[in-house]
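The chain contents come next:
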Amino acid sequence: MVRLIMGEKGTGKTKKLIEMINTTAQEDNGSVVCVEAKSTMTFDLHYHVRLISAYEYDLSNYEALRGFLFGLYAGNYDISHVYVDNLCKIVHSEDFAAVEKFLHWLDRFSDANTVKFTVTLTADASVATEGMRKYL
């Protein structure tokens, strides 16, 4: 399962994401991971959540992020949820065709490995491609 949360800057996406992550960490038995551009949520997240700063791993494109997620899961099969905050900022790209392709890959990965993904994107939902709307 892949869920996409879109909204303009300042609309509360990160606050909503933090609430979702903390609820999942308290209620779910699996491991919860949050990937963000820089470590800004350090003191907002439940202590069971594995917070990863993409900046520290130079995840500057979709291929790097895909490989990172493969490695993350290979190292811990107990991961049940992965949250990605501000996808375009992490991969340094505003190309929505690439976002759509990445979301489709996440969906296939999710189905194959029973990992749930929630991704935020800073843009109004009205500009989402048809393929992206499937995950809203």
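Look above for the structure.
All figures in this text were calculated on a predicted structure; none of them were measured in a lab.

**Q** Which parts of the structure should I look at to understand the side chain of His46?
**A** The topology assignment puts His46 in the loop between β2 (31-36) and β3 (50-53). Contact partners of His46, with chain neighbours within four places excluded, come to Asn22, Ala25 and Gln26.

**Q** Mind showing me how you'd approach the environment of Arg3 here?
**A** Topologically, Arg3 is positioned in strand β1 (residues 2-7). With a relative accessible area of 31%, Arg3 lands in the partly exposed category. Note: C-alpha distance between Arg3 and Tyr135 (132 residues apart in sequence) is 5.0 Å.

**Q** Any chance you could explain the nonpolar core here in plain terms?
**A** Note on soluble globular proteins: their nonpolar side chains tend to be buried together. By size, the foremost hydrophobic cluster in this structure holds 38 residues, and its most contacted members are Leu69, Leu87, Val99, Leu103, Leu106, Leu121 and Met132. Taken together, the elements giving at least two residues each to this core come down to β1, β2, α3 (62-75), β4 (79-85), α4 (87-91), α5 (96-113) and β5 (116-122). With 13 residues, the next largest nonpolar core counts Ile18, Ile21, Leu45 and Tyr83 among its residues.

**Q** Any chance you could explain unusual backbone geometry here in plain terms?
**A** Only a minority of non-glycine residues have a phi that is not negative, and only a minority of peptide bonds are not trans. Even without being glycine, Asn86 reaches a positive phi, approximately 65°. Summarising the element assignment, Asn86 is placed in the loop between β4 and α4. Notably, His92 is not glycine yet its phi reads approximately 55°, a positive angle. With respect to the element layout, His92 can be found in the loop between α4 and α5. Overall, His92 belongs to the exposed group, its relative accessible area being 62%.

**Q** What is the right way to read the pairing of β2 from this model?
**A** Looking along a regular strand, one sees the side chains alternate between the two faces of the sheet. Within β2, 5 of the 6 residues are buried, which leaves the element mostly enclosed by the surrounding structure. Both β2 and β4 contribute to a ladder of 6 bridges, which runs parallel. For Val32, the partnering residue across the bridge sits in β4 and is His81. Relative to β3, β2 runs parallel, the two being bridged by 4 bridges. Residue pairing for β3: Val33 is matched across the bridge by Arg50.

**Q** Please clarify how the pattern of salt bridges should be interpreted in this entry.
**A** Pairs may arise between side chains of opposite charge once their charged atoms sit close together. Applying the stated criterion across every chain yields a total of 2 salt bridges. A salt bridge links Glu63 to Arg66; the shortest N-O distance between them is 2.3 Å. Here Arg66 and Glu63 lie together in helix α3, a separation of 3 residues that amounts to about one turn. Relative accessible area serves as the criterion here: at 56%, Glu63 is assigned to the exposed category. Take Arg66: its relative accessible area is 13%, and that puts it in the buried class. Measuring nitrogen to oxygen at the nearest pair gives 3.5 Å for the salt bridge that ties Asp107 to Lys134. Highlighted residues: Asp107 in helix α5 and Lys134 in the segment after α6 (130-133), separated in sequence by 27 residues. The exposure class of Asp107 is buried, given its relative accessible area of 16%. The class of Lys134 is exposed, set by a relative accessible area of 57%.

Thresholds, definitions, all that
Residues numbered from 1 in each chain as written. Predicted model: local features only at pLDDT ≥ 70, side-chain atom pairs only at ≥ 80, totals over all residues. Heavy atoms only, no water. Helix = DSSP H or I, 4+ residues; strand = E, 2+ residues; numbered from the N terminus. Contact = heavy atoms within 4.5 Å. Buried < 20%, exposed > 50% of the residue type's maximum accessible area, 1.4 Å probe, protein only. Core = buried A, V, L, I, M, F, W, Y, C linked by side-chain atoms within 4.5 Å. Pairing = 2+ DSSP bridges. Salt bridge = Lys/Arg side-chain N within 4 Å of Asp/Glu carboxyl O.

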